[in-house]
Amino acid sequence: MYKPLEIAKNIFYVGVNDRTKPLFENLWPLPYGVSYNAYLVVDKQTALIDTVDLCYSDVFFQKITSVLGNRPIDYLIVNHMEPDHSGSIAWLVSKYPEIRIVGNKRTLDMLKGFYGITRNVVLIQDLEELHLGECTLQFYLTPMVHWPETMMTYVPEKKTLFSADAFGAFGALDGGVLDTQLTPGRYRDEMIRYYSNIVGKFGSPVQTALNKLSGIDIDAICSTHGPVWTQKTQVAEVFNLYDQLSRYEADPGLVIAYGSMYGHTEQLAEIIASSAAEHGLKKIVMHNVSKSHESDILRDVFAYKGLLIGSPTYNNKLYPGVESLLSGLQNRYMKNRFFGCFGSFTWSDASAKQLAAFAEASEFEMIADPVIMKQAMLSEVVEKARNLGQCMARKLLSGVEVVPNNSANCH
Ligand code: FEO
């Protein structure tokens, strides 16, 4: 039923699309689905690189047999053990009992732990090679991108990198698989959301991996999720994006995230945003934490350098959705942001203090005083809110364009 999908000479795509699951890791929305990518290298010996979620093992098998017919698979290379990629291993072994399973020490520990598999395993070390015939598989251990056992497999003869989760994106592959067959820009936001939600905690290991890969010549990146990157500009773009995100660098834009029970904190958010826009800032994204999914807010905070967070005081603490967002940011070691905060209270002013403490712990640069509103919007509060928006616009735009002198009271 399936036609073999050869993405480069002797390399076949055998991954699958999942447009059924609503949530990835039962947490992160999948509005456009997701692909679980796997690849076959067909040479004197054959190697399958990664498997797919168990739910799709039947489709996966049909795709493999469309390429191999009755020919066996000699090796399974396990770049990553998270079950969206390892879920079909036990099933695969039942179909190909003589397959040799290749992984590093941590991979093999997990293989035994998850699936009880200890037979026909091949332990490899960092930078070890496996020769299939004309093609060589070189293994680069890249721990914590995204799990401790994660590694990448490079085929120098094809200048092709099988990168596990790295450079992956949410979004099913609608028709094409290669970036030349689809609209790559469509996946950019979903790549940032994938990075920020799934890999974002591991900026430092990602930097280590990028340095390790910097000496190799890469013409194609085959990730476990999203398009296969083959165009020179796309390969460079996804590398640069990963480098930027893992250094917590960002574009000069602003995220305003706020919680609001009765609209007071929201009014502050609107005044601040209008002021920032009046002072020349165009890239502004606003999120009501009670409505926006946290995965979208995290994506935008990773993408933009400016961050303003607003919260009413709630039970003498932060508003729950704001508290959850801060926890998500701290969990990902978010740093290197211009920051400001605002909020409202009725009898106890707790939220601004907690937001300021968060900023200090994160070593964010506080750009102006917090804006606090007690019960109702007084004219001096409006002025402070306008000042906060103006300060953020100035901070983000300085260095990008000429910022006129003005009377803003910024830090
Ligand atoms: Fe796509 Fe970390 O699994």
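Now for a description of the structure that goes with this document. (Residues numbered from 1 in each chain as written. Predicted model: local features only at pLDDT ≥ 70, side-chain atom pairs only at ≥ 80, totals over all residues. Heavy atoms only, no water.)

Comments concerning the packing of aromatic side chains
In step 1: Taken as a whole and assessed by the stated rule, the structure comprises 19 aromatic pairs.
In step 2: Aromatic side chains phenylalanine 170 and tyrosine 194 sit 5.0 Å apart centroid to centroid with 75 degrees between the ring planes, which places their arrangement in the edge-to-face category. Taken as a pair, phenylalanine 170 in the loop between strand E15 (160-162) and helix H5 (188-199) and tyrosine 194 in helix H5 lie far apart in primary sequence, 24 residues in all. Summarising the burial analysis for this pair, phenylalanine 170 and tyrosine 194 share the class buried.
In step 3: Aromatic pair phenylalanine 339 and phenylalanine 364: ring centres 5.5 Å apart, planes at 35 degrees, arrangement tilted. Taken as a pair, phenylalanine 339 in strand E21 (residues 338-345) and phenylalanine 364 in the loop between helix H11 (351-361) and strand E22 (365-366) lie far apart in primary sequence, 25 residues in all. One exposure class covers both phenylalanine 339 and phenylalanine 364, and it is buried. (Phe/Tyr/Trp six-rings, centres within 6.5 Å; stacked < 30°, edge-to-face > 60°. Helix = DSSP H or I, 4+ residues; strand = E, 2+ residues; numbered from the N terminus. Buried < 20%, exposed > 50% of the residue type's maximum accessible area, 1.4 Å probe, protein only.)

Focus on the environment of tyrosine 304
In step 1: Topologically, tyrosine 304 is positioned in strand E19 (residues 304-314).
In step 2: Judged by relative accessible area, which is 17%, tyrosine 304 ranks as buried.
In step 3: Taking C-alpha positions, tyrosine 304 is 35 Å from glycine 87, a pair spaced 217 residues apart along the chain.
In step 4: With residues near it in sequence (within four places) discarded, tyrosine 304 still touches Ala250, Asp251, Gly253, Leu254, Val255, Lys283, Val285 and Arg337. (Contact = heavy atoms within 4.5 Å.)

What to know about the sheet that holds strand E2 (residues 11-13)
In step 1: On the basis of which strands lie adjacent, the open sheet formed by 7 strands has the order E1-E2-E7-E8-E9-E10-E11 and mixed pairing. The open sheet has two free edges, formed respectively by strand E1 (6-8) and strand E11 (121-123), since each of these has just one partner strand. Between one strand axis and the next, the sheet turns by 30 degrees as a mean value, whatever way the strands run.
In step 2: Where E1 lies against E2, 2 bridges are found, and the strand directions are antiparallel. Directly across from glutamate 6, in E2, lies its bridge partner phenylalanine 12.
In step 3: Against the sheet, helix H1 (residues 57-68) engages E2, strand E7 (39-42) and strand E8 (46-49), with an angle of about 20 degrees to E7. (Pairing = 2+ DSSP bridges. Axes fitted to C-alpha atoms, helices over the stretch in contact; angles between N-to-C directions.)

Brief notes about the sheet that holds strand E12 (residues 129-131)
In step 1: Pairing is mixed in the open sheet, where 5 strands are placed in the order E12-E13-E14-E15-E16. Strands at the two margins of the open sheet, each flanked by one partner only, are E12 and strand E16 (220-222). Sheet twist, expressed as the average angle between the axes of neighbouring strands with direction ignored, equals 20 degrees.
In step 2: In the sheet, strand E13 (residues 136-141) pairs with strand E14 (residues 151-155) via 4 bridges, with the strands oriented antiparallel. Paired with tyrosine 140 across the bridge in E14 is methionine 152.

Looking at helix H7 (residues 232-246)
In step 1: For H7, built from 15 residues, the straight-helix expectation of 21 Å at 1.5 Å per residue is met to within 8% by its first-to-last C-alpha distance of 21 Å.
In step 2: All of the buried residues along H7 are Gln234, Val235, Val238, Phe239, Leu241, Tyr242, Leu245 and Ser246. For H7, the angular spread of the buried residues around the axis is 160 degrees, confining them to a single face. The outward face of H7, more than 90 degrees from its buried face, is lined by the exposed residues Lys232, Thr233 and Asn240.
In step 3: Buried positions along H7 lie against H5, helix H6 (203-213), E16 and helix H9 (294-303). (Expected span 1.5 Å × (residues − 1). Arc of directions from axis to C-beta.)

Note that all results are geometric; they support no functional claim without further evidence.
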